[in-house]
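Each chain is listed here by its residues.
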Amino acid sequence: MKRILIGLTSVASLMATVAVAENAAATSFRDSFLSGSTTWEDVQARAQEEGSVNLYYWGGSDPINIWMDQVVVTDLAKLGVTLNPVRITGTKDAVDLVLAEKGAGKGPGEGSVDAIWLNGENFATLKRRDALFGAFADSMPNSANIEWSDEDPRSLLNLRDFGVETGAAEVPWSGEQYVCSINTARVDKAAAPSTFADLRSYLEVNPGKFTYVKPPHYIGNTFVQSVIYAHNPDGNGAVPFQSSIEDVGAEELARLITPGMEYLNALEPLLLGAQGGNARYPEDNAALDGMFLNGEVDFACKFGLYAVATGLNLGTYPEGAEAFVFPEGNMIKNKNFLAIPANAPNPAAALIMANYMTSVEAQVSKLKFTGMPPGVDPWRLDDAQVQALVDASPGLVGITQAELDANTAPDTNATLVNVIEATWLEYIERDSSDDIATIVARAVENLK
């Protein structure tokens, strides 16, 4: 028995020694890369030694899954890296895993997650918990395809994610904009609302012909945020909502969102189903698309630059569908990203994967397969590359790129999202008798 115990102790000691060595090697690689003393050739060599990369991403899209399996796996194999696509139902699951492993003492090289497709609150959480690899995104060869200069206002989508500075700790992978569609077979496009006041007037004449996705789904949250921007009592739209809850404070946030929440409360009796006693809020994009296709609603609003073209092609949108400008000046635009956790087991392979994903070739094939808009910036590309992206695009229907660009607004700061969401749930869904200031104060306190 004593010999067995001694043997087990020796094995455990050896394993601990190996783990310490791997941690030290991963830490050294990270520090060297972030300091700029590691060449890309060194990254490539280490990535081939690591051999694989574990990419955690939302797996609810068949086109994305097919693209990963048929294109990305093959292309990364040519670079000496095996892609392990880990499909999850919610991005928070990957974030929670990273944080749990970090809490268990797993440092650089010792975790399970090499990269995560994320943005918004999930990125903010990892940044706040010091669980990110570091400023890698502007240090890869294909970083040249992305605008990093803070002197160019177009760089805002790359430098801030839901109001949180990215610090190059995540790299843009795709872009999106909140776009509304109208069924022109039922409604003259000239009668389409452009403001929220117009929408309310339309529904007073045509009750029940509109609804929006239910918060806390991010599509529903985005609609609520755009309403709040438009009803900002100071008239400066999204500006104050770019600051954190610590900087804004509960009292000021309540003042800023009260007009928007009151508008939503007044709108509820005019929404789909409200005439029968209860407003109907679709749970997700698919449910909203079904209502739009079946003629239950005249308009459908969600993230989707190419939603109309894709919906018409798949038969999930009515034949008369076209995009239109709404809400004027507040069509929220953002990007989604790839981030590398601090304890990634294969950090070099993760860098190779991230660099590949930001290549024009990968962006073009992703656009062809999935209809996901590019995350790279076209003004950083040559004419042939821009044309390749144009050719891969499903195209815009009923709206021009100039109109989209002229009506953009940024996302709400990630630290405000949960508070606004909680306020909607209590004030609108649960019809709380408390005033908005009380509800907001309670939601802010619950964040602590």
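Cut-off values and rules
- Residues numbered from 1 in each chain as written.
- Predicted model: local features only at pLDDT ≥ 70, side-chain atom pairs only at ≥ 80, totals over all residues.
- Heavy atoms only, no water.
- Helix = DSSP H or I, 4+ residues; strand = E, 2+ residues; numbered from the N terminus.
- Buried < 20%, exposed > 50% of the residue type's maximum accessible area, 1.4 Å probe, protein only.
- 1 Å grid on protein atoms, 1.4 Å probe; cavity = no way out; pocket = protein on both sides within 12 Å on 5 of 7 lines; lining within 4 Å.
- Points joined across faces, edges and corners; volume = space filled by probe spheres on them.
- Nonpolar A, V, L, I, M, F, W, Y, C, P; charged D, E, K, R; others polar.
- Salt bridge = Lys/Arg side-chain N within 4 Å of Asp/Glu carboxyl O.
- Contact = heavy atoms within 4.5 Å.
- Phe/Tyr/Trp six-rings, centres within 6.5 Å; stacked < 30°, edge-to-face > 60°.
- Lys NZ or Arg CZ within 6 Å of the ring centre and 35° of its normal.
- Axes fitted to C-alpha atoms, helices over the stretch in contact; angles between N-to-C directions.
- Parallel < 35°, antiparallel > 145°, perpendicular 65-115°, else oblique.
- Left-handed = near helix turned anticlockwise from the far one by under 90°.
- Domains from an automatic or database assignment.
- Buried area = accessible area lost by both parts, 1.4 Å probe.

A word on the environment of I399
Okay, so step 1: Within the secondary structure, I399 sits in the loop between helix 15 (383–392) and helix 16 (401–406).
Okay, so step 2: Look at I399 and you get buried, because its relative accessible area is 8%.
Okay, so step 3: For the pair I399 and V325, spaced 74 residues apart in the sequence, the C-alpha separation amounts to 7.4 Å.

Notes on the layout of surface pockets
Okay, so step 1: A volume near 800 Å³ is recorded for the second largest pocket.
Okay, so step 2: Taken together, 28 residues line the second largest pocket, and the ones lying closest to its centre are K333, P378, W379, Q401 and D405.
Okay, so step 3: Among the secondary structure elements, those contributing two or more residues to the lining of the second largest pocket are helix 6 (156–159), strand 6 (170–183), strand 9 (331–339), helix 15, helix 16 and strand 10 (408–409).
Okay, so step 4: Split by residue class, the lining of the second largest pocket holds 17 nonpolar, five polar and six charged.

Regarding the pattern of salt bridges
Between side chains of opposite charge, a pair can form as their charged atoms come close.
Okay, so step 1: Under the criterion given, the structure shown has 18 salt bridges.
Okay, so step 2: Because the salt bridges share partners, they merge into one network encompassing D234, E252 and R255.

Quick notes on empty space enclosed by the protein
Okay, so step 1: Here the structure, examined in full by the defined rule, presents two cavities of 30 Å³ or more.
Okay, so step 2: What lines the largest cavity is a set of 13 residues, and nearest its centre among them are L157, R160, D161, F162 and D411.
Okay, so step 3: The set of elements that each furnish at least two residues to the lining of the largest cavity consists of helix 6, strand 4 (160–161) and strand 9.
Okay, so step 4: Classifying every residue of the lining of the largest cavity gives five nonpolar, three polar and five charged.
Okay, so step 5: Estimates place the volume of the second largest cavity at around 40 Å³.
Okay, so step 6: Contributing to the lining of the second largest cavity are V179, G304, L305, Y306, A307, V308, A323, L396, V397 and I399.
Okay, so step 7: Here the lining of the second largest cavity is composed, by residue class, of nine nonpolar, one polar and no charged.

Thoughts on helix 12 (residues 307–314)
Okay, so step 1: Buried residues of helix 12: A307, V308, A309 and G311, and no others.
Okay, so step 2: As for helix 12, its buried residues are in contact with strand 6, strand 7 (299–303) and strand 8 (321–324).
Okay, so step 3: Looking one or two residues beyond helix 12, the residue adopting positive phi is G315, at roughly 80 degrees.

Describing the packing of aromatic side chains
Note on aromatic pairs: each is described by the distance of the centres and the angle between the planes.
Okay, so step 1: Counted according to the given criterion, the structure contains 20 aromatic pairs.
Okay, so step 2: A centroid spacing of 5.1 Å and a plane angle of 65 degrees characterise the contact between Y202 and F299, whose relative ring orientation is edge-to-face. You can see Y202 sitting in helix 7 (residues 196–205) and its partner F299 sitting in strand 7, a full 97 residues away along the chain.
Okay, so step 3: On the accessibility criterion, F299 (1% relative accessible area) is buried.
Okay, so step 4: Seen from their ring centres, F210 and F299 are 6.4 Å apart, and the 55 degrees between their planes marks the pair as tilted. Of this pair, F210 sits in the loop between helix 7 and helix 8 (218–230) while F299 is found in strand 7, placing the two residues 89 residues apart along the sequence. We note that F210, like F299, is buried.
Okay, so step 5: Among the aromatic side chains, those forming a connected cluster through ring pairs are F196, Y202, F210, Y212, F223, Y263, Y281, F299, F324, F326 and W424.
Okay, so step 6: Directly above the ring of W379 sits R154, whose terminal nitrogen or CZ lies 4.0 Å from the centroid.

Some thoughts on the packing of helix 10 (residues 250–267) against helix 18 (residues 436–447)
Okay, so step 1: Two numbers describe how helix 10 lies on helix 18: the axes approach to 9 Å, and their chain directions differ by 125 degrees. Taken as axis vectors, helix 10 and helix 18 run oblique relative to one another. Both helix 10 and helix 18 take part in a crossing whose hand is right-handed. On helix 18, the residues that touch A250, L253, A254, I257, T258, M261 and E262 of helix 10 are I436, A437, V440, A441 and V444.
Okay, so step 2: Residue classes in the contact of helix 10 with helix 18 are distributed as ten nonpolar, one polar and one charged.

Here's the deal with the domain arrangement of the protein
Okay, so step 1: Each assigned domain of the protein is listed here: domain 1 (25–174 + 334–395) and domain 2 (191–289 + 413–447).
Okay, so step 2: Computed from C-alpha atoms alone, the centre-to-centre distance between domain 1 and domain 2 is 32 Å.
Okay, so step 3: Listed by partner, the interface residues are seven residues for domain 1 and five residues for domain 2.
Okay, so step 4: For the pairing of domain 1 and domain 2, the buried interface totals around 490 Å² over both sides, and the portion due to carbon and sulfur atoms is 54%.

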